[in-house]
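Descriptive analysis of the structure
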Amino acid sequence: MARRLGLVLATVLFVGVATAGAQPPAVKPPASDDCLACHGDADAKRENGASIAVDQKVFAASKHGPLECVDCHKDLAAQQEFPHPETLAKVNCASCHDAEGAKYHDSIHAWAKEKAGLSTAAPACADCHGTHDIRGTDDKAGRVFRANIPATCGACHQGVLDKYKAGVHGAARASGNDKAPVCADCHTAHTIQRIDTDKARLDVAAECGTCHAESMRTYRDTFHGQVTRLGFMRVATCADCHGAHDIYPKADARSTVNPANRLATCRKCHTDANANFAEYDPHADRHDLARSASLYYTGRFMDGLLLVVFGFFGIHTALWLSRGLKERGRTKKDGVK
Amino acid sequence: MATYRRFDLANRALHGMLMLSFLGLSATGLPLLFGTSRWAAVLASLLGGIEVAGRLHRVSATLLILVFLAHLARVLKQLVIDRDLGVLWGPNSMVPQPRDVVQAIGHIRWFVGLGPRPRFGRFTYWEKFDYWAVFWGMGIIGFSGLLLWFPTVFSRLLPGWLFNIALLVHGEEALLAVVFIFTVHFFNTHMRPEKFPMDPVIFTGRLSEHELRDERPDEYDQLAANGGLAALEVGPPPDWVIPSARVLAAAVVSAGFLVVILIVLTLVQGRG
């Protein structure tokens, strides 16, 4: 039996090797230096005048510097005739970066590009990351370095960038606060979604809370915060009152929560609200005497009330239970007599 | 042995609807108060999501308001049309009176073996406390709830900061009511040793002669003296009433205790 199995295996191996040997010898793919023979010339152009130059220094300094041209331009690996045809296969970044590719594929950018027909307007990988000049998130010269992200997104979203720069977060960044959010902190990078979905609104609100922890805590103590936590999203989250890109300090006359503008902000949802209504404090804190004195004292009163009621009836019940059990035992004994 | 009427059909029906709406309000309101806990999310989704829970909350609230108004109407009728001032004072009144303080102290002395058991009448001090706790709770929770339900209507008259207070007292008072009803009220009426596991009187409306004589001797003596006993005498309840009441009470009491356990666990772990 073992011998027969050995024979079969040997046959398979032999046939395999023989078949491989019968193939034409593998083409040696062009080395990057071969490519640069043409593309290294700064003046190299296509027939229509478009530059085909690749700056070797820029590429060598990029994140992909150690790679060969054919690692990305895979269809050139088997190319034997040069110059090669002008139209090449699209570089598929996901062949290495499969996780990012999968996320991007579900994003609003990919949806716009692939389904909504914005095939040239919506970004694919290279529009944010660059091509031969691609650099990592830790590289200060890179497009996706934290400080450079607003400019990268702003290349398309110019109007948003202007608002962001004027707003409190952009101003904080400009004054050197690296903790202030950039686009991707709220919108994410590869998984970017429409902002009017329930999930996106919850995610962004949670993101606000990573810095504004106190505001998040007091928000959670209000009706808005209580019901959104359980998934009812027809009420306000952070951006509904504070705005998104053009958030200003409360004292600023442009702020949506400036006392002069607050009623208009409330009326976005509560259309028949009046001035009294807008006096409601959506971040009241029952523990903060300075901010919410009436709430503070009401809270203390309620705490006291609960304590007194449960204290008294706790003792009352315990005593009653012990006496009642004794009484019951005695009645039973009497019954036996 | 004779059986006597304690609660008429209307009061039993009102208590039944009170119970139903209270359970509905608790189940649909507690998830908001304890939103950080897993059980709150599970309860909300069992009820069809927090939006549906919110609607059920308002439906239950409407029922409870109607019960409250019906009760007030009955009391008012007794007072104004029947000219029965006994509603306001005396042995058949829910109004706290000096003897309630005396009996409360006497009861506690009896607990610790320092004196005889007080001779209670038609309504004991703890029953009056239950009644007024619910009365006060209706006022506070009901009014704050209406403020929160119709904020733009009430803000025509009331200042904005009152809505912050409304949310706080609505939640705290509800917590007080839920835990009180599911522990103290259940113990005082059902779980105490002489009644355990339940007192069906609120469902049957009747109590036995020995219950009346032993637990409410003052009322019994008065009825015996003024000849009112015979008028209250009724036959035993139909066979199906007590078993049904037991099942209902067992379900409500267990649900209530489960809720209290969850609340206490959540409070112990810290309400985020």
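Residues numbered from 1 in each chain as written. Chains lettered and ligands numbered in written order. Predicted model: local features only at pLDDT ≥ 70, side-chain atom pairs only at ≥ 80, totals over all residues.

1. Re the packing of helix 1 (residues 9-33) of chain B against helix 2 (residues 38-46) of chain B
All names here are of chain B. Where helix 1 contacts helix 2, the axes come no closer than 8 Å and their chain directions differ by 135°. Accordingly, the angle class assigned to the pair helix 1 and helix 2 is oblique. For helix 1 against helix 2, the interelement crossing comes out left-handed. Facing helix 1, whose interface residues are Ala27, Leu30 and Pro31, helix 2 presents Ala40, Leu43 and Ala44. Here the contact of helix 1 with helix 2 is built from residues that sort into 6 nonpolar, no polar and no charged. (Axes fitted to C-alpha atoms, helices over the stretch in contact; angles between N-to-C directions. Helix = DSSP H or I, 4+ residues; strand = E, 2+ residues; numbered from the N terminus. Parallel < 35°, antiparallel > 145°, perpendicular 65-115°, else oblique. Left-handed = near helix turned anticlockwise from the far one by under 90°. Contact = placed C-beta atoms within 7 Å. Nonpolar A, V, L, I, M, F, W, Y, C, P; charged D, E, K, R; others polar.)

2. Topic: the interface of chain A and chain B
Buried accessible area, meaning the area lost when the parts come together, often serves as the stated size of an interface. Across the boundary between the two partners, chain A contributes 38 residues, which contact 37 residues of chain B. Those elements giving two or more residues to the side of chain A that touches chain B turn out to be helix 14 (223-229) and helix 17 (293-336) of chain A. The element contributing the most residues to the side of chain A that touches chain B is helix 17 of chain A, with 17 residues. Of the residues assigned to the side of chain A that touches chain B, the class counts are 18 nonpolar, 12 polar and 8 charged.

3. Re the sheet that holds strand 1 (residues 3-5) of chain B
Residues and elements named next belong to chain B. Read from one edge to the other, the open sheet built from 3 strands follows the order 2-1-3, with strand pairing classed as antiparallel. Two strands in the sheet have a free side with no partner beyond their single neighbour: strand 2 (206-208) and strand 3 (233-234). Pairing of strand 1 with strand 2 involves 3 bridges; the strand directions are antiparallel. Its bridge partner being in strand 2, Tyr4 is matched across the sheet by Leu207. (Pairing = 2+ DSSP bridges.)

4. Some words on the nonpolar core
Membership of the largest hydrophobic core comes to 33 residues, with the highest contact counts inside it found for Leu30(B), Ala177(B) and Val178(B). Of all the secondary structure elements, the ones that give two or more residues to this core are helix 1, helix 2, helix 3 (50-80), helix 5 (125-149), helix 7 (161-191) and helix 12 (241-269) of chain B. Element by element, the count of residues in this core is highest for helix 7 of chain B, at 10 residues. Among all residues touching Leu30(B), those that are not within four sequence positions of it are Ala40(B), Val178(B) and Val259(B). Among the nonpolar cores identified, the runner-up in size contains 14 residues, and Ala284(A), Leu295(A), Ile165(B) and Leu167(B) belong to it. (Core = buried A, V, L, I, M, F, W, Y, C linked by C-beta atoms within 7 Å. Buried ≥ 20, exposed ≤ 12 C-beta atoms within 10 Å, placed from the backbone.)

5. Quick notes on the domain arrangement of chain A
Residues and elements named next belong to chain A. According to the domain assignment, chain A contains domain 1 (28-42 + 50-78), domain 2 (98-193) and domain 3 (196-300). One C-alpha centre belongs to domain 1, the other to domain 2; they are set 26 Å apart. Contact residues are listed per partner, giving 6 residues for domain 1 and 5 residues for domain 2. A class-by-class count of the residues in the side of domain 1 that touches domain 2 yields 3 nonpolar, 2 polar and 1 charged. (Domains from an automatic or database assignment.)

6. Focus on helix 4 (residues 98-111) of chain B
All names here are of chain B. Taking 1.5 Å per residue as the helical rise, helix 4 with its 14 residues ought to reach 20 Å, and the 20 Å between its terminal C-alpha atoms agrees with that figure. Taken together, the buried positions of helix 4 are occupied by Asp100, Gln103, His107 and Phe111. For helix 4, the arc enclosing every buried residue in end-on projection is 80°, short of the 170-degree limit, so these residues lie on one face. Residues of helix 4 that are exposed and angled more than 90 degrees away from the buried face: Pro98, Val101 and Val102. (Expected span 1.5 Å × (residues − 1). Arc of directions from axis to C-beta.)

7. Remarks on the packing of helix 1 of chain B against helix 3 of chain B
Residues and elements named next belong to chain B. Orientation of helix 1 relative to helix 3, taken along the N-to-C sense of each, is 150°, at an axis distance of 8 Å. By the angle between their directions, the pair helix 1 and helix 3 is classed as roughly antiparallel. Classified by chirality, the crossing of helix 3 by helix 1 is left-handed. Together, Ala10, Leu14, Met17, Leu18, Ser21, Gly24, Leu25, Thr28, Gly29 and Pro31 of helix 1 and Ile50, Ala53, Leu56, His57, Ser60, Ala61, Leu63, Leu64, Val67, Ala70, His71 and Arg74 of helix 3 make up the contact between the two elements. In the contact of helix 1 with helix 3, the residues fall into 14 nonpolar, 7 polar and 1 charged.

8. With respect to the environment of Cys128(A)
Residues and elements named next belong to chain A. In this structure, Cys128 sits in helix 7 (residues 125-129). Cys128 gets classed as buried once you count the C-beta atoms within 10 Å, which come to 20. Spatially, the C-alpha atoms of Cys128 and Gln79 are 29 Å apart, while their sequence positions differ by 49 residues. Apart from the residues within four sequence positions on either side, Cys128 is in contact with Pro123, Arg143, Val144 and Thr152.

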